[in-house]
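Descriptive analysis of the structure
Here is what each chain is made of, one letter per residue.
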Amino acid sequence: MAWRHYGEVQFQSDEQLYHRFFAELFLYLKQFPETHNWKGLLIYPRRSLQPKSSRLFEELLAGERVYQVFLDELEAVDRLPLGLGLAKLVVEPEQSAPEKARRLIERARTEKDVGLSRQAVIEFVETIIVYKFTHLSREEIEAMLGL
C-alpha cells in the first residue's frame with residue numbers, strides 16, 4: 001500500500017501551526033478513512049520558527065509519522081532530493097545562491113525523474129533568485145543563471 005504524504009512549508013512564526021496542521025490532516029483522514037499509511041512533514045527555514053512545544057501534540061511530533069525539517073540545518077543542496085534542494089535555495093545566503101541555483105538547474109536538465117517538469121523547476125529557481133536579488137533586472141538574473 002502506498003504512503004500518503006501531507007506537508008506544509010512554514011516561513012513565518014505561527015503558534016497555531018500545529019493546531020491547523022493536525023486539524024487539516026485529520027480532516028483529510030476522516031474524509032478518506034481507508035488511508036492507513038500516512039506521514040506528515042513540516043518544513044521551516046530555521047528552527048526558531050518552530051512553534052513552542054505543545055503538550056497536546058507532543059506524542060504525534062515525537063512519533064515516526066510526523067517529521068520536522070529545518071532547511072538551514074540540511075546538508076548541501078547537491079546531496080538533497082531536487083524538491084528539497086529547491087526549498088533550501090530559499091534560505092541560501094546571497095553569496096552562494098547563484099552557484100547553488102545553477103547546480104539545481106543543471107540537475108533539472110540532466111536527472112531522469114525530477115518529479116516536476118524541467119521548465120517548472122527552472123522557473124521556480126529563477127523566481128527564488130529574483131526575490132533574492134531585487135536590485136537586478138530579469139536579464140541580469142538570466143545571465144547569472146546561464147539561461
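None of these values were measured; they are calculated from a predicted model.

Looking now at the overall build of the protein chain. Each helix and strand counted, the protein chain has six helices and three strands in total. Reading the protein chain from its N terminus to its C terminus gives the helix and strand order β-α-β-α-β-α-α-α-α. Taken along its principal axes, the extent of the C-alpha atoms in the protein chain is 50 × 35 × 25 Å. For the protein chain, the residues scored as buried account for 37% of the 147 residues in total. Expressed as a percentage of contacts within the protein chain between residues at least 6 apart in sequence, the contacts between residues at least 24 apart total 63%. On the protein chain, roughly 9300 Å² of surface is accessible, and the fraction owed to carbon and sulfur atoms is 52%. Side-chain charges in the protein chain split into 20 positive and 23 negative, and the spacing between the mean points of these groups amounts to 3 Å.

Let us now look at the pairing of strand 1 (residues 4-9). Pairing geometry for strand 1 and strand 2 (residues 38-44), over six bridges, is parallel. Bridge assignment links G7 to a residue of strand 2, and that residue is L41. Note on the crossover from strand 1 through helix 1 (residues 17-31) to strand 2: the handedness is right-handed.

Here we come to the packing of aromatic side chains. Within the structure shown, the criterion is met by eight aromatic pairs. Centre to centre, the rings of F22 and F57 are 5.0 Å apart; their planes meet at 15°, and the pair counts as stacked. Taken together, the residues span a long stretch of sequence, with F22 in helix 1 and F57 in the loop between strand 2 and helix 2 (58-62) at a distance of 35 residues. Ring geometry for F26 against W38: centres 6.1 Å apart, planes inclined by 80°, an arrangement best described as edge-to-face. Within this pair, whereas F26 is found in helix 1, its partner W38 is found in strand 2, the two being separated by 12 residues in sequence. The class for W38 is buried, based on a relative accessible area of 10%. The structure contains a cluster of three or more aromatic residues connected by ring pairs, namely Y6, Y18, F21, F22, F26, W38 and F57. For the cation-ring pair, R47 lies above F70, with the distance from its terminal atom to the ring centre recorded as 4.0 Å.

Once that is clear, we can look at the side chain of Q10. Summarising the element assignment, Q10 is placed in the loop between strand 1 and helix 1. At a separation of 2.8 Å, a polar atom in the side chain of Q10 contacts the main-chain carbonyl oxygen of Q12. Side-chain polar atoms of Q10 contact the side chain of R20, separated by 3.4 Å. Look past the residues within four positions of Q10 in its chain and what remains in contact with it is L17, R20, I43, Y44, P45 and L49.

Now for the nonpolar core. Across soluble globular proteins, nonpolar side chains show a tendency to be buried alongside one another. Among the nonpolar cores identified, the biggest contains 18 residues, and L89, L104, V125, I129 and L145 are the most heavily contacted of them. Breaking this core down by element, the ones donating at least two residues are helix 3 (82-91), helix 4 (97-110), helix 5 (118-132) and helix 6 (138-145). Sequence-distant contacts of V125, defined by excluding residues within four places in its chain, comprise L86, L89, A101, L104, I105 and L145. Formed by 14 residues, the second largest nonpolar core is a distinct cluster that contains L17, Y18, L42 and V66.

Cut-offs applied
- Residues numbered from 1 in each chain as written.
- Predicted model: local features only at pLDDT ≥ 70, side-chain atom pairs only at ≥ 80, totals over all residues.
- Heavy atoms only, no water.
- Helix = DSSP H or I, 4+ residues; strand = E, 2+ residues; numbered from the N terminus.
- Buried < 20%, exposed > 50% of the residue type's maximum accessible area, 1.4 Å probe, protein only.
- Contact = heavy atoms within 4.5 Å.
- Areas by Shrake-Rupley, 256 points an atom, 1.4 Å probe, with all protein chains shown as cover.
- Lys, Arg positive; Asp, Glu negative; His and termini not counted.
- Charge placed at Lys NZ, Arg CZ, Asp CG, Glu CD.
- Pairing = 2+ DSSP bridges.
- Right-handed = clockwise from strand over helix to strand, strands pointing away.
- Phe/Tyr/Trp six-rings, centres within 6.5 Å; stacked < 30°, edge-to-face > 60°.
- Lys NZ or Arg CZ within 6 Å of the ring centre and 35° of its normal.
- Polar contact = N/O pair within 3.5 Å; in protein donor to acceptor, adjacent residues only side chain to side chain.
- Core = buried A, V, L, I, M, F, W, Y, C linked by side-chain atoms within 4.5 Å.

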